[in-house]
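# Structure at a glance
What follows is the residue order along each chain.
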Amino acid sequence: MPQVLVAGFWGLVAGAALVAGALVGYLLRVPRRVVASVMAFGSGVLLSAVSFELIAEAHAQGGLLPTALGAACGAAVYTGANVLLARRGARHRKRSGDHQPSESEQAGSGTAIALGALLDGVPESMVIGTSLLGGGAVSVVTVAAVFISNVPEGLSSAAGMRQAGRGARYVFGLWGGIAVVSALAAMFGYGVLGGAPAGLIAGITALAAGAILAMVTDTMIPEAFEDAHLLIGLITVAGFLVAFGLSQLEG
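In the annotation of an unreviewed UniProt entry, the entry for the protein chain reads ZIP family zinc transporter, and the organism field reads Actinophytocola xanthii.

Following this line, the structure appears as structure tokens:
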């Protein structure tokens with residue numbers, strides 16, 4: 001199978017976790033403390049992946065300057081786009097409670113939430129594709145980190161969408177579409193950047209890392225600590241260590 005299709009397959013696998021999480025969050029009434037715990041675990045996983053996979057890989061390929069510039073640009077672009085979407089009703093798109101506005105409360109918020117979900121998912125999927133550029137297998141840690149973190153994202157967001165009165169067609173159409181876009185983004189990461197210099201690939205990897213880090217702190221951690229309980233910090237560290245352990249096994 002061509003490597004670009006392999007990249008698309010793994011991007012789709014990781015994106016499908018959003019649909020799985022959405023099914024649970026929309027069809028079942030998951031206790032808020034359970035949602036917070038799962039989101040904390042996913043946050044820890046992504047923080048570890050950003051640290052030990054993406055930033056470390058970018059630094060090894062291109063050095064400090066491209067890594068720092070890429071991460072800063074990724075965070076700035078994500079934050080700027082997120083500010084614009086937040087003003088249109090997508091600020092709490094990953095929240096499971098009654099934070100999300102309904103369409104009647106804020107017209108256009110459904111579209112903004114959809115664009116916000118797209119904004120959150122593309123950087124994660126691109127790095128799945130770029131992990132194949134060395135000619136080897138896909139990074140198991142990257143795929144696992146994105147998959148594990150996507151489950152609580154889909155769960156929490158779908159629960160919030162149901163609370164805001166959005167129907168099943170909207171919810172599952174959104175997350176199914178994002179899963180397909182995840183596959184395309186992974187294919188883009190492999191196919192378009194395949195012949196790029198190492199410094200550029202490092203910068204793109206770091207850019208995705210900066211965007212993911214900004215997303216975690218802006219949308220996932222607030223939900224994780226919305227109903228914080230005494231074990232929430234331990235659960236976050238557990239997620240961090242699981243991803244770190246996978247990176248060591250892969251290495």
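### Overview of the overall build of the protein chain
Looking only at helices and strands, one finds 8 helices and 0 strands in the protein chain. Start at the N end of the protein chain and walk to the C end: the helices and strands fall as α-α-α-α-α-α-α-α. Taking 18 Å as the expected radius of gyration for a compact globule of 251 residues, we find that the protein chain reaches 17 Å, a close match to that expectation. Dimensions of the protein chain along its principal axes, counting C-alpha atoms only, are 50 × 40 × 35 Å. Residues counted as buried form 48% of the 251 residues belonging to the protein chain. The long-range share in the protein chain, meaning contacts at least 24 apart out of those at least 6 apart in sequence, stands at 85%. Accessible surface, the protein chain as shown: approximately 10600 Å² in total, 71% of it carbon and sulfur. Between the mean site of the 12 positive side-chain charges and the mean site of the 13 negative ones, the protein chain shows a separation of 9 Å.

### Considerations on helix H2 (residues 32-62)
Across its 31 residues, H2 extends 42 Å between first and last C-alpha, which sits within 8% of the 45 Å expected from 1.5 Å per residue. Maximal helix bending in H2 amounts to about 35 degrees, located at Val50. Looking one or two residues past H2, Gly63 carries a phi angle of roughly 90 degrees, positive in sign.

### Some details on the UniProt feature "transmembrane region" (unreviewed entry) in the protein chain
UniProt's feature table lists "transmembrane region" (unreviewed entry) at residues 6-27, 34-52, 64-85, 170-190, 196-216 and 228-249, given in the numbering used throughout. Across residues 6-27, the secondary structure splits into 100% helix and 0% strand, with the terminal C-alpha atoms separated by 32 Å.

### A look at the environment of Glu124
Its location among the elements puts Glu124 in helix H4 (residues 109-130). Expressed as a C-alpha distance, the spacing of Glu124 and Leu5, which sit 119 residues apart in the sequence, is 17 Å. Sequence-distant contacts of Glu124, defined by excluding residues within four places in its chain, comprise Leu46, Val146, Ser149, Asn150, Glu153, Ile212 and Met215.

### Considering the packing of helix H3 (residues 64-90) against helix H7 (residues 198-224)
Each packed pair of helices is defined by two parameters, the angle between the axes and the distance between the axes. Interaxial distance between H3 and H7 falls to 6 Å at its minimum, and their mutual angle equals 45 degrees. In terms of their interaxial angle, H3 and H7 are classed as oblique. Crossing angle aside, the handedness with which H3 passes H7 is right-handed. Packed against H3, whose contacting residues are Pro66, Thr67, Gly70, Ala71, Cys73, Gly74, Ala75, Tyr78, Thr79 and Asn82, the element H7 presents Gly199, Gly203, Ala206, Leu207, Gly210, Ala211, Ala214, Met215, Asp218 and Thr219 at the interface. Looking at the contact of H3 with H7 residue by residue, the class counts come to 10 nonpolar, 9 polar and 1 charged.

### Side note on the packing of aromatic side chains
Inspection of every chain in the model, using the stated rule, returns 4 aromatic pairs. Here the aromatic rings of Phe9 and Trp10 are separated by 5.0 Å at their centres, their planes lie at 70 degrees, and the arrangement is edge-to-face. The exposure class assigned to Trp10 is partly exposed, which follows from its relative accessible area of 29%. Ring centres 5.5 Å apart and planes at 75 degrees place the aromatic pair Tyr26 and Phe172 in the edge-to-face group. Of this pair, Tyr26 sits in helix H1 (residues 3-27) while Phe172 sits in helix H6 (residues 168-191), and the two are 146 residues apart along the sequence. Look at Tyr26 and you get buried, because its relative accessible area is 17%. Just above the ring of Tyr170 sits the side chain of Arg166; from NZ or CZ to the centre is 5.6 Å.

### Brief notes about the nonpolar core
By size, the foremost hydrophobic cluster in this structure holds 33 residues, and its most contacted members are Val171, Leu174 and Trp175. Put simply, the parts of the chain that give this core at least two residues each are H1, H2, H3, H4, helix H5 (140-163), H6 and H7. Ranked by residues supplied to this core, first place goes to H7 with 9 residues. Look past the residues within four positions of Trp175 in its chain and what remains in contact with it is Leu18, Val19, Ala22, Ala117, Gly154, Ser157, Ala158 and Met161. The next biggest cluster of nonpolar side chains, apart from the first, holds 9 residues, and it includes Ala7, Ala14, Leu132 and Ala186.

Thresholds applied
Residues numbered from 1 in each chain as written. Predicted model: local features only at pLDDT ≥ 70, side-chain atom pairs only at ≥ 80, totals over all residues. Heavy atoms only, no water. Helix = DSSP H or I, 4+ residues; strand = E, 2+ residues; numbered from the N terminus. Rg over C-alpha atoms; globule rule 2.2 N^0.38 Å. Buried < 20%, exposed > 50% of the residue type's maximum accessible area, 1.4 Å probe, protein only. Contact = heavy atoms within 4.5 Å. Areas by Shrake-Rupley, 256 points an atom, 1.4 Å probe, with all protein chains shown as cover. Lys, Arg positive; Asp, Glu negative; His and termini not counted. Charge placed at Lys NZ, Arg CZ, Asp CG, Glu CD. Expected span 1.5 Å × (residues − 1). Bend = angle between axes of the 7 residues up to and from the residue. UniProt positions renumbered as here; feature names shortened; annotations may be inferred. Axes fitted to C-alpha atoms, helices over the stretch in contact; angles between N-to-C directions. Parallel < 35°, antiparallel > 145°, perpendicular 65-115°, else oblique. Left-handed = near helix turned anticlockwise from the far one by under 90°. Nonpolar A, V, L, I, M, F, W, Y, C, P; charged D, E, K, R; others polar. Phe/Tyr/Trp six-rings, centres within 6.5 Å; stacked < 30°, edge-to-face > 60°. Lys NZ or Arg CZ within 6 Å of the ring centre and 35° of its normal. Core = buried A, V, L, I, M, F, W, Y, C linked by side-chain atoms within 4.5 Å.

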